[in-house]
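# Observations on the three-dimensional arrangement
The primary structure of each chain is shown beneath.
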Amino acid sequence: MNTDPTPQQNVTLFPAPAQETRYPLSDEDFSAPQNDYIEEKRFNCEYPGCSKSYTRNSRLRFHQRNAHLNQTCYYICSFCGLKFLEKGNLKVHIRKHTGERPYSC
């Protein structure tokens, strides 16, 4: 008699494949994985004397506004007055004052 409250139909279980384990472990077992995909920095700053490049156009625009156009917009902490260029960084900072922990782990 099946006491499982959720009936499962047409379920086939396969055994986990055996994994080869080599002992003792070598340095290559702990090396960083090789990333075959490296995103190309296609967005280049064209201001004279600037050689910055970015993978996203939004980051290039952010750089140009702050570094070349002096259109810096600060997000200011209402608790201590600290200034941030990005709203997300301010949100994380405010949690230090409020003690908020949005994640369970």
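A few points on the structure. On a predicted model such as this, the values are computed, not experimentally measured, just so you know.

### A short note on unusual backbone geometry
Here the phi dihedral of Asn70 falls at roughly 50°; this positive angle occurs in a residue that is not glycine. Mapped onto the elements, Asn70 comes out in the loop between helix H1 (57-68) and strand E3 (75-76).

### Things to note about the side chain of His63
Tracing the backbone shows His63 in helix H1. Those residues in contact with His63 that sit more than four places away from it in its chain are Cys45, Cys50, Lys52, Tyr54 and His68.

### Digging into the packing of aromatic side chains
Enumeration over the complete set of coordinates arrives at 0 aromatic pairs. Taking NZ or CZ as reference, Lys83 lies 5.2 Å from the ring centre of Tyr74, over its face.

### Remarks on H1
Residues spaced three or four apart along an α-helix point in a common direction, a consequence of the helix completing one turn every 3.6 residues. If you check H1, its first and last C-alpha atoms are 16 Å apart, about what 12 residues at 1.5 Å a residue would give, namely 16 Å. When we look at burial in H1, the residues that qualify are Leu60, Phe62, His63, Gln64 and Asn66. Elements that come into contact with the buried residues of H1 comprise strand E1 (43-44) and strand E2 (53-54). Positive backbone phi, at 50°, marks Asn70, one or two positions downstream of H1.

The rules we used
- Residues numbered from 1 in each chain as written.
- Predicted model: local features only at pLDDT ≥ 70, side-chain atom pairs only at ≥ 80, totals over all residues.
- Heavy atoms only, no water.
- Helix = DSSP H or I, 4+ residues; strand = E, 2+ residues; numbered from the N terminus.
- Contact = heavy atoms within 4.5 Å.
- Phe/Tyr/Trp six-rings, centres within 6.5 Å; stacked < 30°, edge-to-face > 60°.
- Lys NZ or Arg CZ within 6 Å of the ring centre and 35° of its normal.
- Expected span 1.5 Å × (residues − 1).
- Buried < 20%, exposed > 50% of the residue type's maximum accessible area, 1.4 Å probe, protein only.

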